[in-house]
Amino acid sequence: MRRHAAAVAIALSVIAHLAGAGGAMGQDADPAGRAVPAAPTRAIDLEDLAWIAGHWGGDAFGGQIEEAWFSPAGRSMSGSFRLVRDDLAVMYELLLLEQDDDGEIYYRFKHVSRGWVPWEETRLEYRLTALEGRQATFRSTAEAPPPNAPWWFTYESPAGDKLLVTIHGSGGGDPTVLSMTRR
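These numbers come from a predicted model, not from an experiment.

Caption draft 1: Representation of the overall build of the protein. Assigned secondary structure in the protein consists of one helix and eleven strands. Counted from the first residue to the last, the protein has its helices and strands arranged as α-β-β-β-β-β-β-β-β-β-β-β. The burial tally for the protein puts 40% of its 183 residues in the buried class. Here the analysis covers contacts within the protein between residues at least 6 apart in sequence; of these, 39% occur between residues at least 24 apart.

Caption draft 2: Up close: the pattern of salt bridges. Following the criterion strictly, the structure yields eight salt bridges and no others. Taking the shortest distance from any N to any O, the salt bridge between R183 and E66 comes out at 3.7 Å. Note that R183 is positioned in the segment after strand 11 (176–182) and E66 in strand 2 (residues 63–69), a separation of 117 residues in sequence. Exposure remark for R183: the relative accessible area of 54% places this residue in the exposed category. With relative accessibility at 17%, the residue E66 sits in the buried group. For R108, the salt bridge goes to E98, with nearest N and O atoms at 2.6 Å. Placement of the pair is R108 in strand 5 (residues 105–113) and E98 in strand 4 (residues 88–99), with a sequence separation of ten residues. On the basis of relative accessible area, R108 is assigned to the buried category, the value being 11%. Using a relative accessible area of 27% as the deciding quantity, one classes E98 as partly exposed.

Caption draft 3: Structural context of the nonpolar core. L49, L97, Y107, F138 and Y155 are the most contacted members of the largest nonpolar core, which has 33 residues in total. Of the residues forming this core, the biggest block, four residues, is contributed by strand 7 (residues 124–132). Discounting residues that sit within four places of it in the chain, Y107 has contacts with E67, W69, L95, L96, L97, L124, E125, Y126, F138, F153 and Y155.

What counts, and at which threshold
- Residues numbered from 1 in each chain as written.
- Predicted model: local features only at pLDDT ≥ 70, side-chain atom pairs only at ≥ 80, totals over all residues.
- Heavy atoms only, no water.
- Helix = DSSP H or I, 4+ residues; strand = E, 2+ residues; numbered from the N terminus.
- Buried < 20%, exposed > 50% of the residue type's maximum accessible area, 1.4 Å probe, protein only.
- Contact = heavy atoms within 4.5 Å.
- Salt bridge = Lys/Arg side-chain N within 4 Å of Asp/Glu carboxyl O.
- Core = buried A, V, L, I, M, F, W, Y, C linked by side-chain atoms within 4.5 Å.

So, in structure tokens, the structure goes:
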């Protein structure tokens, strides 16, 4: 009987560990409980995200935002983001979409302020978890993203001249939607 109880305890511990290991690929829900899409159901090539390429702009965060992406080349897409308030650039992001050797697509970025002051000690990393038409979902590879970093986000282009980025933040609450048009 003791041997059986010990085996059950070990099995439950392994299950709990494996369930927790899923957190290494990001959370299954944001702090408000909104579910994150799980995993792509088909092999995806970075070329499938070429619709993100371009120069986009709009209003958000109390100022004007711009996001620009190069077309896919060399299994990567690079880009940048800028926030301008009161005629002064106050924040930048360096953006990278990269397809690794295993075929997985990662979105990696870093925030910096004026004077090239980094916000985070390291880059933020998200894995592509879903792609349906012109909507891509990326979720954090960290068990718990740093404060003010998204848990997961989507890029969507319902029309060729519009780009929507929906950010599900680590602070919970309603998602932030950035609406940009092609410039």
